[in-house]
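Inside the fold
If you want the building blocks of each chain, they are given just below.
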Amino acid sequence: MSAPVVSATMGAMNPLIGKLATLMGEEYKKLTGVRRQASFLKDELSTMKALPEKLELMNELDPLAKNWRDHVREMSYDMENCIDDFMQDLGGVDAKTGFIKKTVKRLKMLRKRHRIADRMEELKALALQANERRMRYKIDDCANSTTRVVPIDTRMVAIYKQAAGLVGIDGPKKELVSWLTDTQEKVKVGAIVGFGGLGKTTLAKQVYDTIGGQFSCTIFLSVSQRPYMSSLLGGLLSKLGMKEELTHAHDVQDIIGRLREYLTPKRYLIVVDDLWDQSTWNIMSCIFPEVRNGSRVIVTTRVEDVAIWACHNDHECVYRMEPLKEQDSRMLFCNRVFGSGNVCPPDLKEVSVEILKKCGGLPLAIITIASLLASHQTRSKDKWESIRNSLGAKIATNPTLEEMRSILNLSYMHLPLHLRPCLLYLGMYPEDEMVMRHDLVLQWIAEGLVNCSHGSDLEDIGKSYFNELINRSLIQPAGTSESGEVEGCRVHDIMLDLIVSKCVDQNFINVAYNCEDVAKMHACEYKVRRLSLKSSTNDATLRIVDTSMSQVRSFAQFGESKYTPPLSLFKYLRVLVFIFPFTRSTIVDLTAIGQLFQLRYLKVSAFPCFIDLPTEIRGLVHLETLEISGNSPSIPSDIVCLPRLSRLILQCLSLTRLPQGIANIKSLRALHCMENISLEDINAVGELTSLRELRLSTKVVAGEVDALVSLIGKLHDLKYLAVRAESSKHHCDPMYSLSNPPLHIEELDLFGWTLKRVPTWIGDLHILRILVLWVDNLSNDEVHVVGKLPCLVHLDLWVSAEGGAAICTGLFQVLKVLRLFSHDDVAHMQFQIGLMPSLRQLTLEVNNGWGGAVPRGMEHLLALDHISVFARDGVNHHDVESAFRSVVDVHPRRPSLEIIPPPSLDSINLVKL
């Protein structure tokens with residue numbers, strides 16, 4: 001990967017080296033002394049960074065090596081800040097501005113050039129000192145000799161666990177046993193996937209013990225994190241009593257051949273426990289001969305992609321472990337603390353519930369914490385409350401939780417290096433917070449954590465990082481879009497504890513809940529680089545955030561406060577986030593942000609707070625994301641001068657129009673404005689040809705329809721378009737004549753724009769996934785236009801006229817969500833066999849005059865999970881529920897049923913804006 005990124009353990013070393021290379025460029029040739037120093041520094045640091053890269057791969061370090069690594073990391077941050085200041089004095093990092101010669105002349109006049117040269121000399125001295133310490137204390141030898149006591153593999157405990165002491169395993173075991181003991185003769189591979197500590201090994205061992213007697217050869221093989229294959233497979237030969245064959249095996253391929261030969265005549269059951277990657281499976285799978293005798297293989301893994309790969313992309317063969325249910329969690333907890341069959345004393349019930357909530361149904365967490373509680377002879381409520389509190393940010397300091405931390409830490413240490421800082425960045429967020437994927441990815445990009453290569457889109461790469469963390473079960477998916485895509489994540493409390501402890505160890509993020517926490521930061525050896533103030537902080541806490549925090553690169557504040565910290569102190573800030581709840585009104589003072597020259601990401605979500613913005617922000621030349629949700633009457637007029645602004649989200653209660661001259665922001669890729677915009681605004685937006693995402697709200701006035709159609713025709717690269725109109729009575733006739741629709745569009749929401757029919761050009765949108773339309777009539781041909789869209793997964797459709805079209809078999813093959821609102825009687829609808837085979841959610845409307853019948857053929861919707869019925873005023877809700885309940889009761893999937901009040905233009909949230 002080509003672009004230098006920030007690292008958790010190496011700090012800003014990589015981007016620093018890149019900036020030094022920039023200083024050596026042609027545009028800075030007038031500054032000969034500075035270029036010479038930059039060249040020396042670049043070479044020195046490039047050589048030096050090899051050792052920190054090596055140390056980053058190690059879990060535990062010799063104290064000397066750790067101390068040296070930490071000082072080099074902090075030095076890299078300070079050096080980058082210095083170079084940023086220097087480039088700011090030169091007029092920014094963009095050498096193409098044409099002002100470099102003038103700037104150099106000005107620097108000579110102001111004698112800044114000498115001070116810059118002196119500062120570069122100081123940086124050179126710092127680098128030399130770091131290398132001298134490395135040699136003097138023989139840090140390389142410390143790194144090579146770093147060892148640690150090897151703990152007992154906790155999976156071994158699970159393997160020999162007594163079945164009688166297990167809780168919540170009967171159901172999963174029964175399901176897996178049934179699946180593995182069917183009549184299929186071919187070798188069947190099944191995978192158990194889930195977060196570390198969920199009990200995958202325990203479940204696999206129980207299944208192994210239950211059905212092992214049915215096989216002539218049984219093997220339970222534990223795979224290490226980074227297996228040495230010849231040793232692993234050689235050990236398997238030895239287990240099978242084939243020591244003599246082992247002496248004649250010369251390489252991995254030879255060992256595999258002997259294992260296949262041994263297994264071929266046998267009906268075998270093999271468990272491959274704790275598999276980490278596809279490459280290991282590609283080798284392991286070679287030892288399983290394809291015999292038709294009912295042999296079985298079970299794989300356990302934390303990585304879903306590995307599970308699917310092992311099962312030959314057959315998702316039906318993947319069993320996804322779920323956390324224990326509340327009752328099972330409580331039983332496991334009580335059995336361990338109080339003994340089997342005993343219950344929790346009344347005075348400890350409340351605190352035990354809170355402890356179990358923090359454990360989140362993870363058997364490993366429950367057992368570890370329960371064992372800690374059981375180790376105390378006296379059951380003091382104060383002690384229990386203390387342990388409950390220790391499950392917050394301080395869990396890492398409790399050595400009795402080392403077993404749990406080691407399992408979670410194993411997942412972290414196995415992460416690719418570029419994903420580690422991305423995971424740690426989640427330490428900025430409070431417990432139980434739903435973190436939106438898009439926010440997180442953009443913050444990663446702003447902090448320099450996303451690596452760009454070969455011209456790839458940074459947001460797409462960041463999204464793949466997010467998905468990989470989901471697949472590795474390190475973060476939990478939370479919330480899905482209308483098309484079924486994961487929109488956000490949550491971090492399990494115990495994983496968050498590990499993240500916070502890593503952040504402390506590597507000075508990556510500092511978290512403060514109160515004044516005491518901030519005071520401790522002042523006493524720390526290292527400067528605060530990223531600061532998160534959580535919901536329990538108060539104004540007194542904020543007032544002691546002073547100049548000692550001047551090196552902060554990310555600042556986030558969660559929770560209500562009347563006081564905004566002095567932002568002008570944070571001159572190196574890249575990311576600024578304020579998330580306030582819907583509480584009493586207050587003022588968020590952002591008037592100082594115009595001085596934050598490094599700012600790249602700004603988000604304020606503070607309804608109904610007043611957001612005070614500066615009058616000028618043209619100095620924010622790096623700003624890429626500006627998101628304001630709150631009460632702000634105006635946006636700085638010079639926002640149109642920001643050269644890198646790519647995402648502008650304005651949900652301001654008092655905003656009356658878009659910034660004048662918005663057509664000048666050619667870098668803009670996403671624009672949201674949910675206040676009513678003008679005809680002039682629509683025309684201006686049509687000039688933003690780089691837009692990929694556009695979400696607007698407008699009143700229907702003369703000329704707006706034509707302007708809207710013209711806008712859609714100009715923005716050829718749009719992927720998401722939502723233009724909502726207040727009126728549902730205004731026809732949008734020019735829409736039919738659109739000759740050049742954006743063919744890359746994935747979401748089209750024309751809520752409130754009534755069409756007489758479905759435009760034929762919609763049939764050309766072959767990657768369209770979400771469609772929201774209002775039409776007067778729906779003919780058979782128009783149904784085919786929409787029904788043949790190959791990627792359509794979500795359809796919201798309003799039909800004004802009575803008399804519907806026939807929906808034939810073969811249409812809507814991938815549709816998952818259908819919301820149909822029509823004046824026609826639902827009794828006229830019919831779902832044929834083979835229609836909508838993927839449909840999971842169906843929403844219908846029952847109007848006045850309903851005769852009591854339901855759509856025919858709903859039993860043919862074989863994937864249906866949920867039915868929603870809007871019952872209009874005047875319709876008996878009980879009758880509606882009774883009629884549709886009769887359908888649900890005979891449906892093969894027994895979908896859930898919901899009868900809800902009629903929709904309105906204001907209440908329906910069709911596509912999340």
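Residues numbered from 1 in each chain as written. Predicted model: local features only at pLDDT ≥ 70, side-chain atom pairs only at ≥ 80, totals over all residues. Heavy atoms only, no water.

Okay, the overall build of the protein next. When its secondary structure is counted, the protein shows 30 helices and 26 strands. Here the protein holds 913 residues, and the buried ones make up 53% of them. Within the protein, contacts between residues at least 6 apart in sequence are counted, and of these 63% link residues at least 24 apart. (Helix = DSSP H or I, 4+ residues; strand = E, 2+ residues; numbered from the N terminus. Buried < 20%, exposed > 50% of the residue type's maximum accessible area, 1.4 Å probe, protein only. Contact = heavy atoms within 4.5 Å.)

Attention shifts here to the nonpolar core. Ranked by size, the top nonpolar core spans 120 residues in total, and within it L671, L694, L748, F812 and F884 carry the most contacts. Sort the elements by how many residues they give to this core and helix α28 (residues 704-714) lands first, with six residues. Among the domains, domain 5 (509-538 + 545-655) and domain 6 (758-912) are the pair contributing at least three residues each to this core. Judged by nonpolar contacts, the second largest core, of 91 residues, contains V167, V207, L424 and V441. (Core = buried A, V, L, I, M, F, W, Y, C linked by side-chain atoms within 4.5 Å. Domains from an automatic or database assignment.)

This part is about the packing of helix α9 (residues 170-180) against helix α10 (residues 200-211). Direction vectors running N to C along α9 and α10 enclose 50 degrees, while the axes themselves pass 10 Å from each other. Looking at the two axes, α9 sits oblique to α10. Where α9 crosses over α10, the handedness of that crossing is right-handed. Judged by residue contacts, P172, K173, L176, V177 and L180 of α9 engage L203, Q206, V207, T210 and I211 from α10. Taken together, the residues that form the contact of α9 with α10 break down as seven nonpolar, two polar and one charged. (Axes fitted to C-alpha atoms, helices over the stretch in contact; angles between N-to-C directions. Parallel < 35°, antiparallel > 145°, perpendicular 65-115°, else oblique. Left-handed = near helix turned anticlockwise from the far one by under 90°. Nonpolar A, V, L, I, M, F, W, Y, C, P; charged D, E, K, R; others polar.)

The subject of this paragraph is the side chain of E74. With respect to the helices, strands and loops of the structure, E74 is situated in helix α4 (residues 63-89). By relative accessible area, E74 is classed as buried at 5%. Setting aside chain neighbours within four positions, we find E74 in contact with N507, Y526, K527 and R529.

Taken together, five strands build an open sheet; the order of strands is β2-β3-β4-β1-β5 and the sheet is parallel. Two strands in the sheet have a free side with no partner beyond their single neighbour: β2 (217-222) and β5 (318-320). Sheet twist, expressed as the mean angle between neighbouring strand axes with direction ignored, is 15 degrees. (Pairing = 2+ DSSP bridges.)

Running from N to C, helix α1 (residues 13-23) and α4 point in directions that differ by 35 degrees, and their axes come no closer than 9 Å. Along this stretch, α1 crosses α4, giving a crossing that reads as left-handed. For the pair α1 and α4, the contacting residues are M13, P15, L16, K19, L20, T22 and L23 in the first and V72, S76, M79, E80, I83, D84, F86 and M87 in the second.

Per-residue confidence for the protein averages 81 on the pLDDT scale, and 84% of its residues sit at or above 70. Contacts for the low-pLDDT stretch residues 92-97, under 50 throughout, to residues beyond four places or in other chains number nine contacts. Scored below 50 in pLDDT, residues 393-400 makes 14 contacts in the model with residues more than four places away or belonging to other chains. (pLDDT = per-residue confidence, 0-100.)

Here we come to the pairing of strand β26 (residues 896-900). When strand β25 (residues 866-871) meets β26, the two strands line up parallel, connected through five bridges. Residue pairing for β26: V869 is matched across the bridge by I899. Each parallel crossover has a hand, and for β25 linked through helix α30 (residues 877-890) to β26 it is right-handed. (Right-handed = clockwise from strand over helix to strand, strands pointing away.)

Glancing now at the packing of aromatic side chains. Taken as a whole and assessed by the stated rule, the structure comprises 15 aromatic pairs. Residues F751 and W774 carry aromatic rings whose centres are separated by 5.4 Å and whose planes lie at 90 degrees to one another, so their mutual orientation is edge-to-face. A residue pair is termed long-range when its members are at least 10 positions apart, and F751 in strand β20 (residues 747-755) and W774 in strand β21 (residues 770-775) qualify at 23 residues. The residues F751 and W774 share a single accessibility class, namely buried. The structure contains a cluster of three or more aromatic residues connected by ring pairs, namely F751, W774, W798, F821 and F870. The ring of F40 carries K124 above its face, with NZ or CZ at 4.6 Å from the centroid. It is R757 that lies over the ring of Y736; its NZ or CZ is 4.2 Å from the centre. (Phe/Tyr/Trp six-rings, centres within 6.5 Å; stacked < 30°, edge-to-face > 60°. Lys NZ or Arg CZ within 6 Å of the ring centre and 35° of its normal.)

A separate point is the pairing of strand β11 (residues 554-558). With five of its five residues buried, β11 lies for the most part within the structure. The two faces of β11 match: S554, A556 and F558 on one face and F555 and Q557 on the other face are all buried. Pairing between strand β10 (residues 530-533) and β11: four bridges, direction parallel. Looking at β11, one finds that R530 is bridged to S554.

Opposite charge on two side chains lets them pair, provided their charged atoms get close. Following the criterion strictly, the structure yields 44 salt bridges and no others. A salt bridge links R529 to E74; the shortest N-O distance between them is 2.9 Å. Within this pair, whereas R529 is found in the loop between α25 (515-523) and β10, its partner E74 is found in helix α4, the two being separated by 455 residues in sequence. With a relative accessible area of 1%, R529 lands in the buried category. Across the pair E845 and R872 runs a salt bridge, and its minimum N-O distance is 2.5 Å. You can see E845 sitting in strand β24 (residues 841-846) and its partner R872 sitting in the loop between β25 and α30, a full 27 residues away along the chain. For E845, a relative accessible area of 5% puts it in the buried group. Taken together, the shared-partner salt bridges in this structure form one network comprising K66, R69, D70, R73, E74, D78, D505, K527 and R529. (Salt bridge = Lys/Arg side-chain N within 4 Å of Asp/Glu carboxyl O.)

An α-helix turns once per 3.6 residues; consequently, residues spaced three or four apart project the same way. In this model helix α17 (residues 346-359) runs 20 Å from its N-terminal to its C-terminal C-alpha over 14 residues, within 8% of the 20 Å that 1.5 Å per residue would give. Largest kink in α17: about 25 degrees, centred on S352. Buried within α17 are the following residues: L348, V351, S352, I355, L356, K358 and C359. Where α17 ends, the next residue or the one after it, G360, has phi of about 60 degrees, a positive value. (Expected span 1.5 Å × (residues − 1). Bend = angle between axes of the 7 residues up to and from the residue.)

D517, V518 and M521 are the residues of α25 that are buried. Buried residues in α25, looked at end-on, bunch into an arc of 100 degrees, giving them a common side. Away from its buried face by more than 90 degrees, α25 exposes E516, K520 and A523. (Arc of directions from axis to C-beta.)

Mapped onto the elements of the fold, T300 is located in strand β4 (residues 296-301). Residue T300 is classed as buried on the basis of its relative accessible area of 1%. Among the polar contacts made by the side chain of T300, one reaches the side chain of D273 at a distance of 2.5 Å. Not counting chain neighbours up to four residues away, the residues in contact with T300 comprise I192, K200, A204, V272, D273, D274 and L275. (Polar contact = N/O pair within 3.5 Å; in protein donor to acceptor, adjacent residues only side chain to side chain.)

Turning to the sheet that holds strand β7 (residues 476-480), a few remarks are in order. Ordered by their spatial adjacency, three strands build an open sheet running β6-β8-β7, and the pairing between neighbours is antiparallel. Two strands in the sheet have a free side with no partner beyond their single neighbour: β6 (435-436) and β7. Summarising the sheet, β7 and strand β8 (residues 486-490) pair through four bridges and their orientation is antiparallel. Bridged to Q476 within β8 is R490. In the packing of helix α23 (residues 458-471) onto the sheet, contacts are made with β7 and β8, and the angle to β8 comes to roughly 55 degrees.

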